[in-house]
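Inside the fold
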Amino acid sequence: MMISSSDAVGVDLRGVRKWYGAVPAVRDVSLAIRPGEIVSFLGPSGCGKTTTLRMIAGLEHPDAGEIRIGGGLVNDVAPWKRNIGMVFQNYALFPHMSVAENVAFGLAMRREGRAEIDAKVAAAMAQVRLTPLADRRPSQLSGGQRQRVALARAIVTRPSVLLLDEPLAALDRKLREQMQVEIRQLQREVGITTVFVTHDQEEALTLSDRVVVMEAGRVVQTGTPAEVYERPRSRFVSDFIGFTNAVAGRIEAVEGGTATVTMRSGQTIRVPAEAGLAAAQAVDLVVRPEKVELNPPAEARPGRALVSGTLRHSVYTGAVTYHHVDIGAGETLIAMASNGDGHGEAPVLGSPVTLGFRPENMLVFASAV
Amino acid sequence: MAAHDLPAPPLRTVPRGERLLAAYVALVILFLALPVLIVVPLAFSSDVSLTFPPRGVSLRWFANIWARPEFLSAFALSAAVALVATGISMVAGVLAAIAFVRHTFPGRDALLMLFMTPLVFPAIVLAAALALVMTPLGLLRSFWGLALAHVVLTLPYILRTAVATLSEIDRSYQEAAHTLGADRWQAFRHVTLPMLRPGLLAGATFALIISFDEFTVSMFLVGPGVMTLPLEMYNYSEFTLDPTLAAISTVLLALTCLAILIIERLVGLGKQFGG
C-alpha cells in the first residue's frame with residue numbers, strides 16, 4: 001500500500017495580514033497555490049514567511065484577509081480540524097513515544113481502528129525507509145532519520161496540505177541535498193499540495209514548482225525557479241537568489257525598446273529597456289557571472305554587449321573559475337568560466353581582457369538612491 | 001635520619017590539602033547523617049530509656065507502636081492529608097503553570113511570586129492566619145481544613161517544578177499535536193502531560209514529604225480525632241521519652257527510602273532534583 005492523495009486541493013491567500021503588537025509581520029499577502037503544487041516561501045529571516053506558513057496551519061490567526069484551503073474559508077478553523085500535515089524546524093517528535101507511535105499519533109487522533117493504523121504506519125515507514133527503526137525513540141535517531149520520521153508522521157494521515165518549516169536547516173550539506181531529492185520524490189508520489197519555508201535559495205530552486213520571494217512581510221515576486229533566477233523583478237530578488245554582479249550606470253537614451261547606458265567607467269552598452277526607465281536615470285546593472293564570457297571568440301561577438309577591462313585575479317573553485325575583471329572607475333565584473341570544456345589557458349593576470357554577454361542577460365534596475 | 005630525607009615513594013602521594021578536604025567532607029557527612037542513623041539502633045534497644053549505646057536488642061518498641069492505636073490512626077490521617085493535599089496541588093499547580101508559562105497577562109510575575117510566598121513566609125504567621133480564617137468557616141479541627149492548609153504549603157513546590165519543566169518543553173510539540181488532529185485537551189493529555197511527568201513526580205515527592213512532616217501549621221489546626229503523626233509523636237514525647245519514637249522514626253525512614261528508590265527506578269530522581 002502506498003500513501004497517496006488523489007484529491008489534492010489548492011490554498012488561497014487573499015490580503016492576509018498579521019501584526020505582532022505594533023510590528024507588522026505579514027502585510028497584504030495574496031497568493032494562489034494550485035492543487036498538487038510544491039511552493040516555497042523564500043526570504044531572509046523576519047520577512048514573514050514562517051508567519052504566513054503558520055497562518056495556513058492555523059497556528060496563528062490572521063488579523064485581516066482570507067485563507068482558503070480547497071475553497072473553504074479556514075480563518076476560524078482550529079488547526080486540528082484543517083487536515084494538514086506539518087514538519088517543524090526542530091521536527092517536534094514526541095520524545096516519550098517510539099518512532100512508530102509518533103507516526104501513528106495522527107491516525108489515533110482520528111480514531112481509526114488498530115489494524116488500519118498498523119497498516120498505514122507500516123506503509124508510511126516503508127515509504128521513508130524507516131521500518132527497522134520502528135521501536136526506537138527519537139533521541140536514538142540521527143538528524144536525517146528524525147527528518148524522515150517527521151515527514152512520515154505528517155503524510156500518514158493523508159492531509160490536504162503538507163507544510164514544511166525550514167525542514168532541512170538542521171542537517172549538514174550532504175544530507176540536505178539527499179533529503180531535497182527524497183522530499184521531491186515523496187511529494188511527487190503522494191501528489192500532495194506542499195508549501196515550505198526556507199531561507200536557502202538553492203533549496204527553493206531545487207524543490208519548488210514555484211518560488212514565492214518575500215521581503216519585509218510582502219511577496220515581491222512569484223514564479224518558477226527559472227523565472228525568479230533569470231528574470232528577477234527587483235534588485236532584492238536578484239541579490240537574494242544567486243550570486244550577481246552589479247555595477248552603477250546612467251541611462252543616456254531610451255529608444256525602440258533599447259536603452260543606452262553609460263557605466264561609471266565611461267563605457268557604454270545597449271540593453272533591452274524595462275518599462276519605467278527614462279533618460280538621465282541612475283540605474284544598477286546586474287548580470288550573473290555565468291552569463292558573462294571572458295574573451296569571447298570573434299565569431300561569438302556579434303550581437304553581444306562587450307566591455308573591456310583588466311584581469312585582476314582568477315579564483316579557481318574546481319568545476320569553475322571566477323575571473324575578476326576591473327572595468328575602470330573601481331568597478332569589477334566577474335565572469336565565470338567552466339573548467340570542463342578544454343580551453344583552460346587563463347589569461348595572464350594584469351592583461352587586458354574583453355567581457356561579452358547577451359544584452360538581455362543584463363538586468364537594469366532603477367537605483368535605490 | 002629525618003623523615004623528610006627519605007626518597008619519595010614511587011606511588012602517587014595524596015597532597016596534604018586533599019587529605020584535609022577528605023577529612024572535612026567526612027565530618028560534614030557524619031554531622032548530617034549521624035542523628036538520623038543513631039535513631040535506628042535506639043529503635044531496637046531493649047532499654048526503657050533512651051540510652052546510647054543500647055544494652056540489649058529487642059523488638060518491643062515496634063510492638064508498642066501496634067499496641068497504641070493513636071499512632072496508627074495518626075499515621076493514616078497524615079498519609080491521607082499528604083495524598084489529598086498533593087493531589088489538589090498537582091492539579092492546581094499544573095493548570096497554574098500552563099497559565100504562567102504559555103500565556104501572558106497583566107500581573108503574571110506578581111501572581112507567581114504570591115504563589116511562592118509560603119516558601120519564605122514564617123510558618124507560624126501562616127499557621128495563625130489559617131486558624132483565624134478556618135474558624136468561622138467551620139474547618140478548624142477537620143480533615144479538609146488540614147488538607148487545604150497543606151495545599152497552601154505544598155503548592156509552591158509543585159508549581160515551581162511544573163513551571164521549570166514546562167518552560168523546557170518547546171511549544172512546537174503541542175503545535176505538532178494540533179496539526180496531527182489533537183484538540184487542546186488531547187494535546188495536553190497525550191503530549192504535554194507525559195512530557196511533564198518526570199518534573200511533576202519530583203515536585204509531588206517534595207510535596208508529600210513537606211505535608212507528612214508538617215508541624216507548625218498543623219499544630220494550630222488539629223484537635224481530638226484529627227491528629228497528625230508528627231503531633232501525635234510530640235504529644236507522646238511530652239509524657240514518655242522511650243524508644244517508641246525511635247521505632248516510629250525508623251519505620252518512616254525505611255518507608256522514605258523505599259519511596260525514593262521506587263521513584264528513582266521510575267524516572268531517575270537524581271536527574272530531577274540535581275542537574
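Residues numbered from 1 in each chain as written. Chains lettered and ligands numbered in written order. Predicted model: local features only at pLDDT ≥ 70, side-chain atom pairs only at ≥ 80, totals over all residues. Heavy atoms only, no water.

Concerning the overall build of chain B
The helix and strand tally for chain B stands at 12 helices and 0 strands. Ordered by position from the N terminus, the helices and strands of chain B form the series α-α-α-α-α-α-α-α-α-α-α-α. Taking 19 Å as the expected radius of gyration for a compact globule of 275 residues, we find that chain B reaches 25 Å, considerably beyond that expectation. Taken over the C-alpha atoms alone, chain B extends approximately 80 × 60 × 35 Å along its principal axes. The 275 residues of chain B split such that 38% are buried. In chain B, the share of contacts with a sequence separation of at least 24, taken over all contacts with a separation of at least 6, comes to 69%. In the structure as shown, chain B presents an accessible area of about 15,900 Å², 71% of it carried by carbon and sulfur atoms. Computing the positive centroid from 16 side-chain charges and the negative centroid from 15, chain B places the two 4 Å apart. (Helix = DSSP H or I, 4+ residues; strand = E, 2+ residues; numbered from the N terminus. Rg over C-alpha atoms; globule rule 2.2 N^0.38 Å. Buried < 20%, exposed > 50% of the residue type's maximum accessible area, 1.4 Å probe, protein only. Contact = heavy atoms within 4.5 Å. Areas by Shrake-Rupley, 256 points an atom, 1.4 Å probe, with all protein chains shown as cover. Lys, Arg positive; Asp, Glu negative; His and termini not counted. Charge placed at Lys NZ, Arg CZ, Asp CG, Glu CD.)

Brief notes about the domain arrangement of chain B
Residues and elements named next belong to chain B. By domain assignment, chain B separates into domain 1 (15-58) and domain 2 (68-273). Put simply, the middle of domain 1 and the middle of domain 2, counted by C-alpha atoms, are 31 Å apart. The interface is formed by 9 residues belonging to domain 1 together with 8 residues belonging to domain 2. Taking both sides of the interface into account, the surface hidden between domain 1 and domain 2 amounts to around 700 Å²; carbon and sulfur atoms contribute 79%. Looking at the side of domain 1 facing domain 2, the largest losses of area belong to Val-39, Ala-43 and Leu-50, adding up to 53% of the total buried there. Summed over the shared surface of domain 1 and domain 2, the result is 0 salt bridges. Where domain 1 packs against domain 2, one counts 0 residue pairs in polar contact (both at pLDDT 80 or more). Class assignment of the residues belonging to the side of domain 1 that touches domain 2 gives a composition of 7 nonpolar, 1 polar and 1 charged. (Domains from an automatic or database assignment. Buried area = accessible area lost by both parts, 1.4 Å probe. Salt bridge = Lys/Arg side-chain N within 4 Å of Asp/Glu carboxyl O. Polar contact = N/O pair within 3.5 Å; in protein donor to acceptor, adjacent residues only side chain to side chain. Nonpolar A, V, L, I, M, F, W, Y, C, P; charged D, E, K, R; others polar.)

Focus on the UniProt feature "domain: ABC transmembrane type-1" (unreviewed entry) in chain B
With numbering matched to this structure, UniProt assigns "domain: ABC transmembrane type-1" (unreviewed entry) to residues 75-263 of chain B. Taken as a whole, residues 75-263 of chain B contains 81% helix and 0% strand, while its terminal C-alpha atoms sit 21 Å from one another. (UniProt positions renumbered as here; feature names shortened; annotations may be inferred.)

Here we look at the pattern of salt bridges
Residues and elements named next belong to chain A. Going through the model one piece at a time under the given rule, you end up with 24 salt bridges over all chains. Put simply, Arg-68 and Glu-66 hold a salt bridge, and the shortest N to O gap is 3.2 Å. A relative accessible area of 23% means that Arg-68 is categorised as partly exposed. Of the charged contacts, one joins Lys-120 and Glu-116 as a salt bridge, the two residues approaching to 3.7 Å between their closest N and O atoms. In this pair, Lys-120 and Glu-116 both sit in helix α3 (residues 114-127), 4 residues apart, roughly one turn of the helix. You can call Lys-120 buried: its relative accessible area is 16%. The partly exposed category is assigned to Glu-116, whose relative accessible area is 42%. Here the salt bridges do not stand alone but share partners, grouping Arg-34, Glu-37 and Arg-210 into one network.

Thoughts on the confidence of the model for chain A
When pLDDT drops low, the exact placement of atoms in the prediction is not to be read closely. All names here are of chain A. Averaged over all residues, the pLDDT of chain A is 89; the fraction at 70 or higher stands at 97%. Of all secondary-structure elements in chain A, the lowest mean pLDDT belongs to helix α5 (residues 173-190), at 82, while strand β4 (residues 64-69) reaches the highest, 96. Low pLDDT, under 50, characterises residues 1-6; the stretch is placed with 20 contacts to residues that sit more than four places away or in other chains. (pLDDT = per-residue confidence, 0-100.)

Concerning the packing of aromatic side chains
In total, this model carries 11 aromatic pairs over all chains according to the counting rule given. Here Phe-100 of chain B and Phe-115 of chain B contribute two aromatic rings whose centre-to-centre distance is 5.6 Å and whose plane-to-plane angle is 85°, an arrangement assigned as edge-to-face. With Phe-100 of chain B in helix α3 (residues 69-102) and Phe-115 of chain B in helix α4 (residues 108-116), the pair connects residues that are 15 residues apart, well separated along the chain. Taking the relative accessible area as the measure of exposure, Phe-115 of chain B reaches 26% and is therefore partly exposed. The ring of Phe-94 of chain A has Arg-153 of chain A lying over it, and the distance from NZ or CZ to the ring centre is 4.6 Å. The residue whose ring lies beneath Arg-288 of chain A is Tyr-229 of chain A, and the NZ or CZ to ring-centre distance is 3.9 Å. (Phe/Tyr/Trp six-rings, centres within 6.5 Å; stacked < 30°, edge-to-face > 60°. Lys NZ or Arg CZ within 6 Å of the ring centre and 35° of its normal.)

Re the interface of chain B and chain A
Between chain B and chain A, the contact holds 18 residues from the first and 20 residues from the second. Across the interface of chain B and chain A, roughly 1,800 Å² is buried in total on both sides, 69% from carbon and sulfur atoms. A per-residue breakdown of the area chain B buries against chain A is headed by Glu-175, Thr-179 and Leu-180 of chain B, which together make up 38% of the total. At the junction of chain B and chain A, the tally comes to 1 salt bridge. In this structure, Glu-175 of chain B engages Arg-54 of chain A in a salt bridge whose closest nitrogen and oxygen atoms are separated by 2.7 Å. At the boundary of chain B and chain A, one finds 5 residue pairs in polar contact (both at pLDDT 80 or more). Of all the secondary-structure elements, those providing two or more residues to the side of chain B that touches chain A are α7 (171-179) and α8 (184-213) of chain B. With 7 residues, the single largest contributor to the side of chain B that touches chain A is α7 of chain B.

Comments concerning the UniProt feature "transmembrane region" (unreviewed entry) in chain B
Residues and elements named next belong to chain B. The UniProt record marks residues 21-44, 71-98, 110-133, 139-159, 199-223 and 243-263 with the feature "transmembrane region" (unreviewed entry), using the residue numbering of this structure. Note that residues 21-44 is 96% helix and 0% strand, and that its end C-alpha atoms are spaced 35 Å apart. As a span, residues 199-223 carries 84% helix and 0% strand, and end to end its C-alpha atoms are 35 Å apart.

Describing the sheet that holds strand β19 (residues 352-357) of chain A
The strands that make up a sheet are held in pairs by hydrogen bonds between backbone atoms, and each pair lies either parallel or antiparallel. Spatial ordering of the open sheet is given by β15-β19-β16-β17-β18 (chain A), a layout of 5 strands whose pairing is antiparallel. Two strands in the sheet have a free side with no partner beyond their single neighbour: β15 (293-294) and β18 (331-338) of chain A. (Pairing = 2+ DSSP bridges.)

A short note on helix α1 (residues 16-43) of chain B
Residue and element names in this part refer to chain B. Here α1 is 28 residues long and its end C-alpha atoms lie 40 Å apart, about the 40 Å a rise of 1.5 Å per residue gives. Leu-34 marks the point of greatest bend in α1, at about 45°, and the proline Pro-35 comes within the next four residues. Considered for burial, the residues of α1 that qualify are Val-39, Leu-42 and Ala-43. (Expected span 1.5 Å × (residues − 1). Bend = angle between axes of the 7 residues up to and from the residue.)

Some remarks on the pairing of strand β1 (residues 11-20) of chain A
Residues and elements named next belong to chain A. As judged from the 5 bridges shared by β1 and β4, these two strands associate in the antiparallel manner. Directly across from Leu-13, in β4, lies its bridge partner Ile-67. Two elements, β1 and strand β2 (residues 23-33), share 7 bridges in a ladder whose sense is antiparallel. Bridge assignment links Asp-12 to a residue of β2, and that residue is Ala-32.

Regarding a nonpolar patch on the surface
Residue and element names in this part refer to chain B. Together, Leu-21, Tyr-24, Val-25, Val-28, Ile-29, Phe-31 and Leu-32 line one region of the surface with nonpolar side chains, adding up to about 740 Å² of accessible area. Of note, Leu-32 is situated in helix α1. You can call Leu-32 exposed: its relative accessible area is 60%. (Patch = residues over 30% accessible without salt bridge, like charges linked within 9 Å, V, L, I, M, F, W, Y side chains within 5 Å.)

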